[in-house]
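Chain and residue survey
Spelled out, the chains give:
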Amino acid sequence: MLSEKDLQRIEELKKRYPNPQPIVLEALWMWQEEHGWISAEGMKYVADRLGISYHHVYGVVTFYTMFNRKPVGKHKIEVCTNISCMLRNSDKIVKHIEDSLNIKVGETTPDKRFTLVEAECLGSCGTAPMMQVGDEYYENLDEAKLNNILGALK
Amino acid sequence: MTMEPLLLPNIPDYHKIDVYQSRGGYEMLRKALGMKPEEVTDEVKKSNLRGRGGACFPTGLKWTFMPKQTDKPKYLCVNGDESEPGTFKDRQIFELNPHLMIEGTIIAAYAMGVKTSYLYVRGEYNKWIKMVQKAVDDAYANGFIGENILGSGFNTNLYLHRGAGAYICGEESALMNSLEGDRGYPRVKPPFPAHFGLWGCPTTINNVETIANVPLIIKMGWEEYSKIGAPKHPGLILVGVSGHVNKPGVYEMPTGVQLTDIIYNYAGGVPGNKKIKAVIPGGSSTMILRGEDIEGVAMDAESLKNAGSAVGTAGLIVMDEDTNLIKVITRVTKFYYHESCGQCTPCREGTGWMFKLLKRFENYEARMEDIDLLLDVANNIEGNTICALGDAAAWPVQSMIKRFRDEFEKRTLNRAAAMSPPIAAS
């Protein structure tokens, strides 16, 4: 289910496009914001709301990497390991988080607080190494900074 | 040549509409609305502004491809998908100077007779989407977007559209499919977007930085603008410097600045005064250059083409003498493997094969003939796909083998030495 506010927003967005299909990403964002991940139920709901097929929504969800197709921790930590971050030792950042949280890349802590993933370039190459948690960018990382950030996120 | 920054001016709170207006902001829109639409296009065309999204296509020429007489609505997409590794410039515009981009969008919409523009921004930039949305709301509230703009009778709307994580959506036809609510698959061209774009209607797609240059052209006039920087690729350019430099960041400069000047003066040189082993001049898709070959090479389309690379998105990545280039190219190739949309077999399969072969080199497990095998795979991707992602995956590999073959050869030695007779001898 989406909130009344989200449903109103969808109605407003419909005025921006010749048909409702372009709203699919935004509606999926709303669902993910609300539920943390996108279940089959979510895809069915979005499809019905926009009058498009379930298989179309499924195709969209599976194409874009930011949609979680299974539950993730409260904080999804995405560490960029692409070229500019790699040159500035993102390997060490990943290792430090793995050791601190006692999980490997792709895993979630047993208390469901953190999920750790590697990300492709997040457009923060001048402040590498970096990571994204939610909407927030954490830049020019080092181990001391990481300890503070992880501490604050707990 | 240094000049006052105009794309990212050093003025506090410039992202706020009142500060922007107090410095002459939205006056270029007023000026443009006083001209005929075709005069605006002509101005941009004569300025020789070339796209800043990677392909360096002449912007004014692109605008002239839009049909003048048509029953269909026309659209403008501003491409803020910014996902090319090593590129982080558009984000600066979103944060520090969103109104320049908005003003440019409305001027471009006026020139092409567009009633609806979409700014497509990558999903990861949600924080910046909110900043830009605020700027757009303020521009609406002040009558710079919407109905009867500045009393001219011209109506146009600008909407933000958030992506959801896919490098390929920066490719213009994939962007349109994504905007239509589909998977971001690139389209076969022709038909080109100017005739068959969004929902089959005439559409132009311009990069954020390209659009941000438009008001500057209107302000100073094409003659003055075209005198900035390199004659065949003039204007202001945002160069993102990353990797092994003391002061990484985005620097605004005229085109045509020497790469060595950018690295040693703008970006403060290499930490520990180490030698430069390699440079990628324009984002990960552009061809890698040897450190000793960048002397005399400048950040403009002509100079970099002559040097055997490209301007791309002007994301300059510097690698010092201790860099493991095999690790670099393996990581870059993994990226293209991950981001290939999967429509075209050469790209879908080839990027994976290249990644597997490169893993052999990374682990000292490669045979000497794997170098040519890798090159063969790359050569069979290039030019054989719907969009440029295949080329973008092939070029770094091809250029790495061409310019750093010794790095690959070194990676076969251990295995070759352990073999009897050594494979390397054949």
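For the structure, see preceding data.
What counts and what doesn't
Residues numbered from 1 in each chain as written. Chains lettered and ligands numbered in written order. Predicted model: local features only at pLDDT ≥ 70, side-chain atom pairs only at ≥ 80, totals over all residues. Heavy atoms only, no water. Helix = DSSP H or I, 4+ residues; strand = E, 2+ residues; numbered from the N terminus. Buried < 20%, exposed > 50% of the residue type's maximum accessible area, 1.4 Å probe, protein only. Contact = heavy atoms within 4.5 Å. Areas by Shrake-Rupley, 256 points an atom, 1.4 Å probe, with all protein chains shown as cover. Lys, Arg positive; Asp, Glu negative; His and termini not counted. Charge placed at Lys NZ, Arg CZ, Asp CG, Glu CD. Core = buried A, V, L, I, M, F, W, Y, C linked by side-chain atoms within 4.5 Å. Domains from an automatic or database assignment. Expected span 1.5 Å × (residues − 1). Polar contact = N/O pair within 3.5 Å; in protein donor to acceptor, adjacent residues only side chain to side chain. Pairing = 2+ DSSP bridges. Axes fitted to C-alpha atoms, helices over the stretch in contact; angles between N-to-C directions.

**So, the overall build of chain A**
When its secondary structure is counted, chain A shows seven helices and four strands. Ordered by position in the sequence, the α and β elements of chain A form the string α-α-α-α-β-α-α-β-β-β-α. Considering only C-alpha atoms, chain A reaches an extent of 50 × 35 × 25 Å along its principal axes. Among the 154 residues that make up chain A, the fraction classed as buried is 54%. The long-range share in chain A, meaning contacts at least 24 apart out of those at least 6 apart in sequence, stands at 55%. Carbon together with sulfur atoms contributes 48% to the accessible area of chain A, which is approximately 7200 Å² in total. Between the mean site of the 19 positive side-chain charges and the mean site of the 22 negative ones, chain A shows a separation of 1 Å.

**Side note on the nonpolar core**
The biggest cluster of nonpolar side chains holds 82 residues, and the ones touching the most others in it are Tyr64(A) and Phe408(B). Two domains each provide a minimum of three residues to this core, namely domain 1 (4-63) and domain 2 (75-152) of chain A. Setting aside its immediate chain neighbours within four residues, Tyr64(A) contacts Leu25(A), Tyr120(B), Ala164(B), Gly165(B), Ala166(B), Cys169(B), Ser178(B), Asp182(B), Arg183(B) and Gly184(B). Membership of the second largest hydrophobic core comes to 70 residues, among which are Met130(A), Met35(B), Met112(B) and Ile211(B).

**Comments concerning helix H12 (residues 325-339) of chain B**
Residue and element names in this part refer to chain B. With 15 residues, H12 extends 21 Å between its outermost C-alpha atoms, agreeing within 8% with the 21 Å of an ideal straight helix rising 1.5 Å per residue. Taken together, the buried positions of H12 are occupied by Leu325, Ile326, Val328, Ile329, Thr330, Arg331, Val332, Thr333, Phe335, Tyr336 and Glu339. In this structure asparagine 324 caps H12, since a side-chain oxygen of it lies 3.1 Å from the backbone nitrogen of isoleucine 326.

**So, the sheet that holds strand E4 (residues 136-138) of chain A**
Residue and element names in this part refer to chain A. Taken in spatial order, the four strands make up an open sheet running E2-E1-E3-E4, and their pairing is mixed. The sheet is open, and its two borders are formed by strand E2 (114-119) and E4, each paired with just one other strand. If you compare each strand with its neighbour and ignore which way they point, the axes differ by 25 degrees on average. Of the strand pairs in this sheet, strand E1 (residues 75-80) and strand E3 (residues 131-133) are connected by three bridges, and their pairing is antiparallel.

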